[in-house]
Amino acid sequence: MGATLTALAGFAAWYVVLTILMGSFRMSRMVSAGKAANSFAVNGSDLPGFGERVTRARDNCYETLPIFGALVLVAYASNQLAVTDPLAMWVLWARIGQSVTHLISTSVPAVLIRANLFFAQALIYLYWSYRLLA
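Quantities reported herein were computed from a predicted structural model and do not represent experimental measurements.

*Asks:* Explanation requested: the overall build of the protein in the structure shown.
*Replies:* Regarding its fold elements, the protein presents four helices and zero strands. If you list the helices and strands of the protein from N to C, you get α-α-α-α. Once the C-alpha set of the protein is aligned to its principal axes, its extents read approximately 55 × 30 × 20 Å. Residue burial in the protein is summarised as follows: out of 134 residues, 34% are buried. If you take every contact in the protein between residues at least 6 apart in sequence, the share linking residues at least 24 apart comes to 70%. Total accessible area on the protein stands at roughly 7400 Å², and carbon and sulfur atoms take up 71% of it. For the protein, the separation between the mean place of its 9 positive charges and that of its 5 negative charges on side chains is 3 Å.

Next up, the structure:
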């Protein structure tokens, strides 16, 4: 498996890890605080601190995974993985870095780090789009 498909599988796996982390946190709140399973806010706003951060980090993944997946699909279907292979793992590491930073802190420096990691991903997606359409 090449870099692009490895990165796509890694991105999906990271999403699953964050989903399990979020679910585990919510289950612990059900047990420790008696919170009803159907009472959690979708955006995590009712779980201040880590609960809200893990929810948002997970949501950030599913908001961008379709872009990554679509570009990989186009590259694969058009036999242009040479366009995406060189930067694919950078997308994955930037995504993981963005999520981990989000889990750790919402301080101004952390938000700036997250923003730069997101911007790096967006620039790679834009570059790929241009190259795949050219």
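We are not done yet, so read on.
*Asks:* What am I meant to see in the side chain of R95 here?
*Replies:* For R95, the position within the fold is in helix α3 (residues 81-104). No salt bridge forms around the buried R95; measuring N to O, its nearest opposite-charge neighbour E63 is 7.0 Å away. When sequence neighbours within four positions are dropped, the list of residues in contact with R95 reads F11, W14, N60, C61, T64, F118 and Q121.

*Asks:* Would you explain unusual backbone geometry in this entry?
*Replies:* Negative phi values dominate among residues other than glycine, just as trans dominates among peptide bonds. Positive phi is not limited to glycine here, since N79 has a value of about 55°. Mapping N79 onto the fold places it in the loop between α2 (50-77) and α3. On the accessibility criterion, N79 (73% relative accessible area) is exposed.

*Asks:* How should α3 be read in this particular structure?
*Replies:* Each full turn of the α-helix corresponds to 3.6 residues, which orients residues three or four apart in the same direction. Relative to the 34 Å expected for 24 residues at 1.5 Å per residue, α3 spans 34 Å between its end C-alpha atoms, a close match to the ideal helical length. A bend of about 45° at L87 is the largest found in α3.

*Asks:* How do you make sense of α2 when you look at a structure like this?
*Replies:* Taking 1.5 Å per residue as the helical rise, α2 with its 28 residues ought to reach 40 Å, and the 40 Å between its terminal C-alpha atoms agrees with that figure. T64 marks where α2 bends most, by close to 35°; the proline P66 follows one to four residues later. Among the residues trailing α2, N79 stands out with phi positive, at a value near 55°.

*Asks:* How should the packing of aromatic side chains be read in this particular structure?
*Replies:* Note on aromatic pairs: each is described by the distance of the centres and the angle between the planes. For the structure on display, the rule yields six aromatic pairs. With centroids separated by 6.4 Å and ring planes inclined at 85°, the aromatic side chains of Y15 and Y62 adopt a geometry described as edge-to-face. Of this pair, Y15 sits in helix α1 (residues 3-33) while Y62 sits in helix α2, and the two are 47 residues apart along the sequence. Looking at Y62, the relative accessible area reads 38%, which means it is partly exposed.

*Asks:* In this structure, what is going on with the nonpolar core? I would like to understand it.
*Replies:* In globular proteins that are soluble, nonpolar side chains generally tend to be buried together. F11, L18, F68, V91, Y125, W128 and L132 are the most contacted members of the largest nonpolar core, which has 22 residues in total. Counting residues per element, this core draws most heavily on α2, which supplies seven residues.

*Asks:* Just checking my understanding: could you explain the side chain of S105 for this structure?
*Replies:* Following the sequence through the fold, S105 ends up in the loop between α3 and α4 (108-133). Within the structure, the side chain of S105 is placed 2.9 Å from the backbone nitrogen of S107, a separation counted as a polar contact. With residues up to four places along the chain from it excluded, the contact list for S105 reads R53, A110 and R114.

Cut-offs used in this document
Residues numbered from 1 in each chain as written. Predicted model: local features only at pLDDT ≥ 70, side-chain atom pairs only at ≥ 80, totals over all residues. Heavy atoms only, no water. Helix = DSSP H or I, 4+ residues; strand = E, 2+ residues; numbered from the N terminus. Buried < 20%, exposed > 50% of the residue type's maximum accessible area, 1.4 Å probe, protein only. Contact = heavy atoms within 4.5 Å. Areas by Shrake-Rupley, 256 points an atom, 1.4 Å probe, with all protein chains shown as cover. Lys, Arg positive; Asp, Glu negative; His and termini not counted. Charge placed at Lys NZ, Arg CZ, Asp CG, Glu CD. Salt bridge = Lys/Arg side-chain N within 4 Å of Asp/Glu carboxyl O. Expected span 1.5 Å × (residues − 1). Bend = angle between axes of the 7 residues up to and from the residue. Phe/Tyr/Trp six-rings, centres within 6.5 Å; stacked < 30°, edge-to-face > 60°. Core = buried A, V, L, I, M, F, W, Y, C linked by side-chain atoms within 4.5 Å. Polar contact = N/O pair within 3.5 Å; in protein donor to acceptor, adjacent residues only side chain to side chain.

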